[in-house]
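So you can see what is in the structure, the chains are spelled out below.
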Amino acid sequence: CAGPRGGAGPGRPGWWGPLQPGPDSVPRLKIAVMLTLASKLKRDDGVKGPRTSNPASDSTRRVSIRDKLLVKEVAELEVNLPCTCKVNFQDPNKLHYFQLTVTPDEGYYQGGKFQFEIEVPDAYNMVPPKVKCLTRIWHPNITETGEICLSLLREHSIDGTGWAPTRTLKDVVWGLNSLFTDLLNFDDPLNIEAAEHHLRDKDDFRNKVEDYIKRYAR
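Residues numbered from 1 in each chain as written. Predicted model: local features only at pLDDT ≥ 70, side-chain atom pairs only at ≥ 80, totals over all residues. Heavy atoms only, no water.

Thoughts on the UniProt feature "active site" (unreviewed entry) in the chain
No. 1: This chain's UniProt record puts "active site" (unreviewed entry) on Cys149.
No. 2: Residue position: Cys149 is located in the loop between strand S4 (130–133) and helix H3 (169–178).
No. 3: You can call Cys149 buried: its relative accessible area is 6%.
No. 4: When sequence neighbours within four positions are dropped, the list of residues in contact with Cys149 reads Cys1, Ala2, Asn141, Arg154, Leu179 and Leu190. (UniProt positions renumbered as here; feature names shortened; annotations may be inferred. Helix = DSSP H or I, 4+ residues; strand = E, 2+ residues; numbered from the N terminus. Buried < 20%, exposed > 50% of the residue type's maximum accessible area, 1.4 Å probe, protein only. Contact = heavy atoms within 4.5 Å.)

Below, the structure written as structure tokens:
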């Protein structure tokens, strides 16, 4: 799976540290929408009665915690969005579901537009978001049916690079963006056929990637 490699750091593509927004960053969501959602969450807290142990109440509490986190994390994401990424919230009152478009500006996948579907589960941030690639792609870490191998999306990871409650949506977006550059990993592939293709004939691999971009990623 794709994960942090030795030597990654400031100044290198794919570094996940604090970054400045690019000139083409997607416009921020309307502040009024964010305030409306924040006010709604506050009201929901106010009308809740004493805590009970029934599953329905626990589930409602978890969703409220998730949504509070998302109000803050979406705002943080928007000022740290890579210039190669755009986010689209189909319903601004549902911050737990959105789409990400990555348009790499270097490497094998330059010129393509790759769309991801991101769904944040009720149990967030104890568990990672669910992510699927909606664009067909020839990639060692993404299958043609959209499954993704990215270490930070693993709920359990022996090497410590998996999901942790300290991670945020910003980490997820930067990680997905880096799958096309610094985190492109042929050594531990999910799509073994693509990785073997690259090992066998790099030029032919590039040709197939470009063919997929023309057919599916415009």
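Looking at helix H5 (residues 202–216)
The periodicity of an α-helix, 3.6 residues per turn, causes residues three or four positions apart to be oriented the same way.
No. 1: Taking 1.5 Å of rise per residue, 15 residues should cover 21 Å, and H5 covers 21 Å from first to last C-alpha, within 8% of that figure.
No. 2: Residues of H5 that are buried sit in contact with strand S3 (114–119) and helix H4 (192–200).
No. 3: With a side-chain oxygen positioned 3.2 Å from the backbone nitrogen of Asp203, the residue opening H5 is Asp201. (Expected span 1.5 Å × (residues − 1). Polar contact = N/O pair within 3.5 Å; in protein donor to acceptor, adjacent residues only side chain to side chain.)

Quick word on the pattern of salt bridges
No. 1: This model, assessed by the stated rule, comprises 5 salt bridges.
No. 2: Its salt-bridge partner being Glu76, residue Lys170 comes within 3.6 Å of it at the nearest N-O pair. One end of the pair, Lys170, is in helix H3; the other, Glu76, is in helix H2 (residues 55–78), with 94 residues separating them in the sequence.
No. 3: We classify Lys170 as buried; its relative accessible area is 13%.
No. 4: A single salt-bridge network, built from bridges that share partners, covers Arg66, Asp67 and Asp122. (Salt bridge = Lys/Arg side-chain N within 4 Å of Asp/Glu carboxyl O.)

Some remarks on the sheet that holds strand S2 (residues 97–102)
No. 1: The strand order S1-S2-S3-S4 describes an open sheet built from 4 strands, whose pairing is antiparallel. Of all strands in the sheet, those with a lone pairing partner are strand S1 (85–88) and S4, marking the two edges. Taking each pair of neighbouring strands and ignoring which way they run, the sheet shows an average axis angle of 20°.
No. 2: Relative to S2, S1 is paired through 4 bridges, and the arrangement is antiparallel. Paired with Cys85 across the bridge in S2 is Val102. (Pairing = 2+ DSSP bridges. Axes fitted to C-alpha atoms, helices over the stretch in contact; angles between N-to-C directions.)

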